[in-house]
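Each chain is listed here by its residues.
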Amino acid sequence: SQWGEENLQALSIQEGEDVTMNCSYKTYTTVVHWYRQDSGRGPALIILIRSNEREKRSGRLRATLDTSSQSSSLSITAAQCEDTAVYFCATDGTGGYKVVFGSGTRLLVSP
Amino acid sequence: GGIITQTPKFLIGQEGQKLTLKCQQNFNHDTMYWYRQDSGKGLRLIYYSITENDLQKGDLSEGYDASREKKSSFSLTVTSAQKNEMAVFLCASSPAGGDSGNTLYFGEGSRLIVV
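Presented here is a report on the structure given in the accompanying data block.

What counts and what doesn't
Residues numbered from 1 in each chain as written. Chains lettered and ligands numbered in written order. Predicted model: local features only at pLDDT ≥ 70, side-chain atom pairs only at ≥ 80, totals over all residues. Heavy atoms only, no water. Helix = DSSP H or I, 4+ residues; strand = E, 2+ residues; numbered from the N terminus. Rg over C-alpha atoms; globule rule 2.2 N^0.38 Å. Buried < 20%, exposed > 50% of the residue type's maximum accessible area, 1.4 Å probe, protein only. Contact = heavy atoms within 4.5 Å. Areas by Shrake-Rupley, 256 points an atom, 1.4 Å probe, with all protein chains shown as cover. Salt bridge = Lys/Arg side-chain N within 4 Å of Asp/Glu carboxyl O. Buried area = accessible area lost by both parts, 1.4 Å probe. Polar contact = N/O pair within 3.5 Å; in protein donor to acceptor, adjacent residues only side chain to side chain. Nonpolar A, V, L, I, M, F, W, Y, C, P; charged D, E, K, R; others polar. Disulfide = S-S within 2.5 Å.

## Some points on the overall build of chain A
1) Next: The helix and strand tally for chain A stands at 0 helices and 10 strands.
2) Next: Reading the helices (α) and strands (β) of chain A from amino to carboxyl end gives β-β-β-β-β-β-β-β-β-β.
3) Next: Here the C-alpha atoms of chain A give a radius of gyration of 13 Å, agreeing with the 13 Å that 2.2 N^0.38 yields for 111 residues.
4) Next: If one aligns the C-alpha atoms of chain A with their principal axes, the spans along those axes are about 40 × 30 × 20 Å.
5) Next: Within chain A, buried positions represent 44% of all 111 residues.
6) Next: A fraction of 55% describes how many contacts in chain A between residues 6 or more apart in sequence connect residues 24 or more apart.
7) Next: Element-wise, carbon and sulfur atoms account for 45% of the exposed surface of chain A, whose accessible area totals about 5400 Å².

Rendered as structure tokens:
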């Protein structure tokens, strides 16, 4: 099936827990973007990691990238209820214009 | 800052009807995109446009046409609406290029309902 055609993965955690979401991509990319989509809204970029970086941090977010296995992960430390959203990774090949999204994870953080 | 405006927010049409969604951006971005998002699923690329008057097919272009007559606008036409096409259609723009890759800025989406 195409990337994006699959059902969202679902993760449910308690507030204060750490969580990691994974993404495998099929073609070489120079950058992996992670987007967050709140209910009824369009996705918004939260962190990006370049092919020459293995790890990138932004606040409670941590992205990793393993170009040899073509995989990336997004971790959230001490999740809060407001982190409840759908999270996607996206790639754009060798800096081209065609941006494709991964299958996505629906994260629910409960108090 | 800028904004992506998608119209209409809800589009109701009959099976077999040709329906058009519109998207405007005031970021002055060169590149624009249309994605389809089915309920509970991810985003699939329908069409994108690198610059004014350019059109590139995505992975889901069959059954759709697109038009980029101005830099600021990108429209998508469903050529013959089917009930299995009910979904949210998301428009995005990107400044493209650079070492940050193609960061996309999205609109709020247009929901297609086929009766």
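Back to the text.
## Topic: the pattern of salt bridges
1) Next: If you walk through the whole model with that rule in mind, you get 9 salt bridges over all chains.
2) Next: Notably, a salt bridge pairs K98(A) with D59(B), separated by 2.9 Å at the nearest N-O pair. Here D59(B) lies in the loop between β6 (56-57) and β7 (64-70) and K98(A) lies in the loop between β8 (85-91) and β9 (100-101), a pairing that spans two chains.
3) Next: Owing to a relative accessible area of 33%, K98(A) belongs among the partly exposed residues under this scheme.
4) Next: By relative accessible area, which is 39% here, D59(B) ends up partly exposed.
5) Next: Between D30(B) and K71(B) there is a salt bridge, and its shortest N-O distance comes to 3.3 Å. Note that D30(B) is positioned in the loop between β3 (19-25) and β4 (31-37) and K71(B) in the loop between β7 and β8 (73-78), a separation of 41 residues in sequence.
6) Next: Three or more residues joined by partner-sharing salt bridges are found here, namely E55(A), R57(A) and R62(A).

## Digging into the interface of chain B and chain A
1) Next: With 24 residues of chain B in contact, the opposing surface of chain A contributes 29 residues.
2) Next: With both chains or domains summed, chain B and chain A bury close to 2300 Å², and 50% of this area falls on carbon and sulfur atoms.
3) Next: Among the residues chain B hides against chain A, the three largest losses belong to K41(B), R44(B) and N102(B). Together they make up 22% of the total.
4) Next: We note a salt bridge from E108(B) to R41(A), for which the minimum N-O separation is 2.6 Å.
5) Next: Applying the counting criterion to the chain B and chain A interface returns 9 residue pairs in polar contact (both at pLDDT 80 or more).
6) Next: Contributing elements (two or more residues each) for the side of chain B that touches chain A: β4 and β5 (43-49) of chain B.
7) Next: Of the residues assigned to the side of chain B that touches chain A, the class counts are 10 nonpolar, 9 polar and 5 charged.

## Some remarks on the state of the cysteines
Formally, a disulfide is one covalent bond, and it connects the sulfur atom of one cysteine to the sulfur atom of another.
1) Next: Across all of its chains, the model carries 2 disulfides over all chains by this definition.
2) Next: Between the sulfur of C23(A) and that of C89(A) lies a disulfide, 1.8 Å long from S to S. A torsion of 65° about the S-S bond marks the disulfide between C23(A) and C89(A) as right-handed. Linking C23(A) in strand β2 (residues 19-24) with C89(A) in strand β8, this pair joins segments that are 66 residues apart in sequence. Both residues of the pair, C23(A) and C89(A), count as buried.
3) Next: Residue C23(B) pairs covalently with C91(B) via a disulfide, S to S 1.9 Å. Classification of the bridge connecting C23(B) and C91(B) rests on its S-S torsion, roughly -80°, and on that basis the disulfide is left-handed. Taken as a pair, C23(B) in strand β3 and C91(B) in strand β9 (residues 87-94) lie far apart in primary sequence, 68 residues in all. Residue C23(B) shares its accessibility class with C91(B), and that shared class is buried.

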